[in-house]
Amino acid sequence: MKVEDFDFDLPEELIAQTPLLDRTASRLMVLNKETGAIDDKHFASIVDYLEPGDALVLNNTRVLPARLHGLKDETGAHIEVLLLKQKADNEWETLVKPAKRIRVGQTITFGNGELKAVCKEELEHGGRILEFHYEGIFYEVLENLGEMPLPPYIKEQLEDQGRYQTVYAKENGSAAAPTAGLHFTEALLDQIREKGVKVIFLTLHVGLGTFRPVDVADTDNHKMHSEFYRLTKEAAAELSEVKAAGKRIIAVGTTSIRTLETIASRNNGALVEESGWTDIFISPGFTFQAVDALITNFHLPKSTLIMLVSALSNRDIILHAYRHAVENRYRFFSFGDAMFIH
């Protein structure tokens, strides 16, 4: 299909710049993926659409405060570093600005010297492999010195960095939040469990590739970025029981759906304990083997994410739902409102 087929008009003022005070106060569009029927609700009512025996699958990745500001040792020039992917114990693939100032062998100092980085390798597009030197625990040093790497379409400063984490964030490693999960509170999750719904966690570390535009004309030519995922033995067993009982697996976010469908595609439809890297690209024509329904936010025009949700329903129904969202002033993207596609 053509990438242009997934375009839609989005007024800039509908891009949410700040999170709501109450996570569950965001709006919820409930969309029937077969008929296109729409109900306008608030997120707290999601519990009404879940049934005993269903599985709600959430991504427990934790966003790293991965943006660092430092000084080049030789000149004192300001250098910005964005951590992308851990390569070895103390080596990370990073994005450096301005990259031309950092060559192999040069050192960047952060804070008062509690963290230093030496450039080991130069990559394309501003990428650098940096080896970090510090005392103590790296993630604790990072918490003190780093900033949350908010998406490029959010222009306002985030007062409380915890609002760009889910309440169940646990596994360090993401460059961006699995934003569909931002709507949940512990109280709402308890309410869901009390209804007899299984709440199950997996891990997929979100890379910055999730924000990269699709730069080809035809979706068949798009190559997805690769991201690390993990599903535990216990979680896989619970999900298999849900499937065997004929109940629904409901993914929270596109990261959860990509993880589950990656595992199912590699194991003849079965959900098993597994970890690895996935570059799965889900677009119309994809055959789902694991997931029955999806809770997700509203996505960028012509993005791989709107292609994914179109695959779960169809392009015409999704674009109709997006037009409804624009007309009814839903809030878009990371801090915006949610959809339940079932």
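Residues numbered from 1 in each chain as written. Predicted model: local features only at pLDDT ≥ 70, side-chain atom pairs only at ≥ 80, totals over all residues. Heavy atoms only, no water.

As annotated in an unreviewed UniProt entry, the protein is S-adenosylmethionine:tRNA ribosyltransferase-isomerase from Listeria grayi DSM 20601. Reading the Subunit (unreviewed entry) entry of the UniProt record for the protein gives the comment "Monomer." (UniProt positions renumbered as here; feature names shortened; annotations may be inferred.)

(A) A look at the domain arrangement of the protein. When cut into domains, the protein gives domain 1 (3–63 + 160–341) and domain 2 (67–147). For domain 1 versus domain 2, the separation of C-alpha centres amounts to 32 Å. Listed by partner, the interface residues are seven residues for domain 1 and eight residues for domain 2. The interface formed by domain 1 and domain 2 holds one salt bridge in total. (Domains from an automatic or database assignment. Contact = heavy atoms within 4.5 Å. Salt bridge = Lys/Arg side-chain N within 4 Å of Asp/Glu carboxyl O.)

(B) Main features of the pairing of strand S3 (residues 55–59). By the criterion of burial, S3 is predominantly enclosed, with five of the five residues buried. Of the two faces of S3, the one carrying Ala55, Val57 and Asn59 and the one carrying Leu56 and Leu58 are both buried. Taken together, the five bridges between S3 and strand S12 (residues 198–204) define a ladder with parallel strand orientation. Looking across to S12, one finds that Leu56 is bridged to Val199. The sheet contact formed by S3 and strand S14 (residues 249–252) spans three bridges and is parallel. Residue pairing in the sheet places Leu56 in a bridge with Ile250 of S14. (Buried < 20%, exposed > 50% of the residue type's maximum accessible area, 1.4 Å probe, protein only. Helix = DSSP H or I, 4+ residues; strand = E, 2+ residues; numbered from the N terminus. Pairing = 2+ DSSP bridges.)

(C) Examining the environment of Val242 more closely. Locating Val242 in the fold gives a position in helix H3 (residues 233–244). Sequence-wise, Val242 and Lys302 are 60 residues apart; in three dimensions their C-alpha atoms are separated by 34 Å.

(D) Examining a negative patch on the surface more closely. Together, Glu234, Glu238, Glu241 and Glu273 line one region of the surface with negative charge. Following the sequence through the fold, Glu273 ends up in the loop between helix H4 (254–266) and strand S15 (274–278). For Glu273, a relative accessible area of 54% corresponds to the exposed category. (Patch = residues over 30% accessible without salt bridge, like charges linked within 9 Å, V, L, I, M, F, W, Y side chains within 5 Å. Areas by Shrake-Rupley, 256 points an atom, 1.4 Å probe, with all protein chains shown as cover. Lys, Arg positive; Asp, Glu negative; His and termini not counted. Charge placed at Lys NZ, Arg CZ, Asp CG, Glu CD.)

(E) Fine view of H4. In a regular helix each residue adds 1.5 Å, so 13 residues correspond to 18 Å; H4 covers 18 Å between its end C-alpha atoms and thus fits that length. Along H4, eleven of the 13 residues are buried, which leaves the element largely enclosed by surrounding structure. Phi turns positive, to about 55°, at Asn268, one or two residues after H4. (Expected span 1.5 Å × (residues − 1).)

(F) Up close: the pattern of salt bridges. The final tally for this structure, using the stated rule, is twelve salt bridges. Residue Glu227 pairs with Arg258 through a salt bridge whose shortest N-O separation is 2.4 Å. Placement of the pair is Glu227 in strand S13 (residues 227–231) and Arg258 in helix H4, with a sequence separation of 31 residues. For the pair shown, Glu227 and Arg258 are each scored as buried. Across the pair Asp316 and Arg315 runs a salt bridge, and its minimum N-O distance is 3.4 Å. Of the residues examined, Asp316 reaches a relative accessible area of 51% and is grouped as exposed. The network of salt bridges with common partners includes Arg103, Glu122 and Arg128.

(G) Structural context of the layout of surface pockets. Size it by volume and the second largest pocket reaches roughly 200 Å³. Along the walls of the second largest pocket sit Arg67, Glu147, Met148, Leu150, Pro151, Ile154, Lys155, Glu156, Gln157, Leu158 and Gln161, which together make up its complete lining. Class assignment of the residues belonging to the lining of the second largest pocket gives a composition of five nonpolar, two polar and four charged. (1 Å grid on protein atoms, 1.4 Å probe; cavity = no way out; pocket = protein on both sides within 12 Å on 5 of 7 lines; lining within 4 Å. Points joined across faces, edges and corners; volume = space filled by probe spheres on them. Nonpolar A, V, L, I, M, F, W, Y, C, P; charged D, E, K, R; others polar.)

(H) Broad picture of empty space enclosed by the protein. Taken as a whole and judged by the stated rule, the model has three cavities of 30 Å³ or more. By volume, the second largest cavity is sized at about 90 Å³. In this structure, the second largest cavity is lined by Pro19, Leu20, Asp22, Arg23, Ser26, Arg163, Leu182, His183, Arg331, Ser334, Phe335 and Gly336. Partitioning the lining of the second largest cavity into residue classes produces four nonpolar, four polar and four charged.

(I) Region of interest: the packing of aromatic side chains. One pass over the full model with this rule turns up 18 aromatic pairs. Measuring from ring centre to ring centre gives 6.1 Å for Phe8 and Phe332, while their planes differ by 35°; the resulting arrangement is tilted. Linking Phe8 in the segment before strand S1 (27–31) with Phe332 in the loop between helix H6 (315–327) and strand S17 (338–341), this pair joins segments that are 324 residues apart in sequence. The pair formed by Phe8 and Phe332 is uniform in burial state, with each residue classed as buried. (Phe/Tyr/Trp six-rings, centres within 6.5 Å; stacked < 30°, edge-to-face > 60°.)

(J) Seen up close, unusual backbone geometry. For the bond from Lys97 to Pro98, the omega torsion is -15°, close enough to zero to count as cis. Residue position: Pro98 is located in the loop between strand S7 (91–97) and strand S8 (107–110). Phi angles above zero are rare outside glycine, and His125 is one such case at about 55°. Residue position: His125 is located in the loop between strand S9 (115–122) and strand S10 (127–134). With a relative accessible area of 72%, His125 lands in the exposed category.

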